[in-house]
Amino acid sequence: MKVVVDRPPVVGERRREHGRVGNHEDTACIEENRVEAGFHAHDPTTYARAVRSPKDFFKPLAAGAPEPLREIPFRPSRVIHFFPPHNEKMVSKLPETIPTVDVILGNLEDAIPMADKEAARAGLITVANSLDFGDTQLWTRVNSLDSPWFLDDMVEIVTKAGDKFDVIMIPKVEGPEDIHYVDRLLAQLEARAGLKRPILLHAILETARGVANVEEICGASPRMQGISLGPADLAANRRMKTTRVGGGHPDYVVRVDPQGDDYQGERQTFQQDLWHYTMARMVDACVMHGVLPYYGPFGDIKDVVACEDQFRNAYLLGCVGAWSLHPVQVEIAKRVFSPRPEDVRQAQRVIDAMGDGTGAIMLDGKMEDDASVKQCKVVVELARQLAARDPHLAEAYGF
C-alpha cells in the first residue's frame, strides 16, 4: 500500500524569514514536499532518507560523470588562504604565495563587490589555467545558491577549468537538499566537461538551520569533503549580540564565587568561547560521516595572539585547519594545526611502550592504555602526513 502525504511548507517559510534572495530551495525540494511513502506516513522526517537506496549512493548522478569517491582523501589543509581573483595586485603575488599554503581559494562570494562578480569569475578561470599549483590544492567559494551568480559560477568554472579544481565551497548551506541540488548539477557539468575525477564539495555553516541539520549535511553526498564554521553570518542569523568575526567576547564570562556575602567585591572573571558548542557539534558530525571539520575566519587581523588561541581551540577539538584572510595568519594556522615536535615524540614513545596496543601500563606516573594509543596514533599519523609535504617539519619530527 502507498500513502501520498503533503509535507507542510515549513522549509520554504523558514528560508524566506531569513531574507534570502530567490526561491531555488522551494523548487529543489518539490520532490521532498510530496513523497510516496510506505508504512511510515506519520513520520515525515524520514522521507528524504528513505527515497534513495544506499546501493545508489556511489553511482554517478549523470551519465558520463566520474564515479564518486568512496573515501575522502586526507591531504594537508591546515590553512585555506583566500584571494580575490579580480584584484590584479593580489593575483600577481600568487606564484610566491601558492607554495606556502596547503589550499589556495579563489573567493567569488563575500568581499567581492557586485560590480566585480563576473571579473572575479573570469580571473579565477585564468588563474586556474595559467599557474602551476604543485602540491597545493585549488579551491573556490562560489556565490550562494539563491544568488544571481551561482549558476554561472558553476557552469563557467567546471566547463572551462574543472580539471584544475579540487573542491568547491558552498556558502550558507542550510540542509541536505542544498547539497543534493549541487551534487546533481555538478555531475551534469562534469559529464559535459568530460572530467575524469569528481570535484568535491565543502559546506559552510552560517545559519542556525544549518547547524541544526549539520549531521544530514555531512552525509548528503559522497562529494562532501568538509565543513567550515562561518561565525559572522551565523552570529547574525542567531541574533547574537556581537559584531566580531570569530573569537571570544569580553562580556561572555563566568565569575568566581564571592568571598562570604561580599557580592560587590572584586571577583575574577574568565572569558568563555562563544563557538565551543557549534564547533564540537560540527566536529562530531564530520567525523561520523568521514568528512573534515575546519574553523573559518578570524576577523581581527592585528590580534595575532587571539587568532592563535582561537585556531588552537579548534585544533584541540578536532578541526584540521582554518581560513586565512591575510598573509600574517598563514604561519599561525600552519604552526597551530601541525603537532608540536615534543607532542609527536611523546605520542611515539607511548605507542612504542604499549607494544601490541592492548592492556595498560604506567609511564612517567600516568596510566596509558589502548585508548591512549589511539589518541597517540592520530598525532603521529598527522605528523607523518605533514612531514611528507614539509621538509622542515620532517626534520623537526625526526622522520
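Cut-offs applied
- Residues numbered from 1 in each chain as written.
- Predicted model: local features only at pLDDT ≥ 70, side-chain atom pairs only at ≥ 80, totals over all residues.
- Heavy atoms only, no water.
- Core = buried A, V, L, I, M, F, W, Y, C linked by side-chain atoms within 4.5 Å.
- Buried < 20%, exposed > 50% of the residue type's maximum accessible area, 1.4 Å probe, protein only.
- Contact = heavy atoms within 4.5 Å.
- Helix = DSSP H or I, 4+ residues; strand = E, 2+ residues; numbered from the N terminus.
- Expected span 1.5 Å × (residues − 1).
- Arc of directions from axis to C-beta.
- Phe/Tyr/Trp six-rings, centres within 6.5 Å; stacked < 30°, edge-to-face > 60°.
- Pairing = 2+ DSSP bridges.
- Axes fitted to C-alpha atoms, helices over the stretch in contact; angles between N-to-C directions.
- pLDDT = per-residue confidence, 0-100.

1. Focus on the nonpolar core
- With 76 residues, the main nonpolar core has Met154, Ile168, Ile170, Ile227, Phe311 and Phe337 as its most contacted residues.
- In contact with Phe311, not counting residues within four places along its chain, are Tyr295, Gly296, Phe298, Ala322, Trp323, Gln329, Ile332, Ala333, Val336 and Phe337.
- With 14 residues, the next largest nonpolar core counts Ile72, Ile80, Met169 and Leu292 among its residues.

2. So, helix α16 (residues 341-353)
- Here α16 spans 18 Å end to end across 13 residues, near enough to the 18 Å set by a 1.5 Å rise per residue.
- The complete set of buried residues in α16 reads Val344, Ala347, Val350 and Ile351. The buried residues of α16 occupy an angular sector of 125 degrees when the element is viewed end-on, so they sit on one face.
- Those residues of α16 that are buried lie in contact with β13 (360-363), β14 (366-369), α17 (370-389) and α18 (391-397).

3. As for the environment of Ala353
- With respect to the helices and strands, the residue Ala353 is situated in helix α16.
- In this structure Ala353 comes out as partly exposed when scored by relative accessible area, which is 38%.
- Ala353 sits 20 residues away from Val373 along the chain, and the two C-alpha atoms are 9.6 Å apart.
- Once residues within four sequence positions are removed from consideration, Ala353 is found in contact with Ile361 and Leu363.

4. As for the packing of aromatic side chains
- Per the counting criterion, the structure on display carries 8 aromatic pairs.
- On the basis of an interplanar angle of 85 degrees and a centroid distance of 5.5 Å, the ring pair of Phe57 and Phe58 is categorised as edge-to-face.
- With relative accessibility at 23%, the residue Phe57 sits in the partly exposed group.
- For Phe58, a relative accessible area of 23% corresponds to the partly exposed category.

5. Overview of the environment of Tyr181
- Inspection of the secondary structure assignment puts Tyr181 in helix α9 (residues 176-193).
- Between the C-alpha atoms of Tyr181 and Leu145, which are 36 residues apart in sequence, the distance is 9.3 Å.

6. Topic: the sheet that holds strand β8 (residues 224-229)
- Taking strand neighbours across the sheet as the criterion, the 8 strands line up as β11-β8-β7-β6-β5-β4-β3-β12 in an open arrangement whose pairing is parallel. The strands lining the two open edges of the sheet, one partner per strand, are β11 (292-294) and β12 (322-324). Pairs of neighbouring strands in the sheet enclose a mean axial angle of 25 degrees, with direction left out of account.
- Two elements, strand β5 (residues 137-141) and strand β6 (residues 167-170), share 3 bridges in a ladder whose sense is parallel. Within β6, the position partnered with Arg141 by the bridge is Met169.
- Helix-sheet contacts for helix α13 (residues 276-289) involve β7 (200-205), β8 and β11, and the interaxial angle to β8 is about 175 degrees.
- Contacts from helix α15 (residues 327-336) reach β3 (79-83) and β12, with the element oriented near 170 degrees to β3.

7. Details of the pairing of β8
- Buried residues dominate β8, accounting for 6 of its 6 residues.
- One ladder, built from 3 bridges, connects β8 with β11; its direction is parallel. If you follow Ile227 over to β11, its bridge partner there is Pro293.

8. Some thoughts on the confidence of the model for the protein chain
- In the predicted model, the protein chain carries a mean pLDDT of 87, and 87% of its residues have values of at least 70.
- Across residues 1-48, confidence stays below pLDDT 50; counting only partners more than four residues off in sequence or on other chains, it has 59 contacts.

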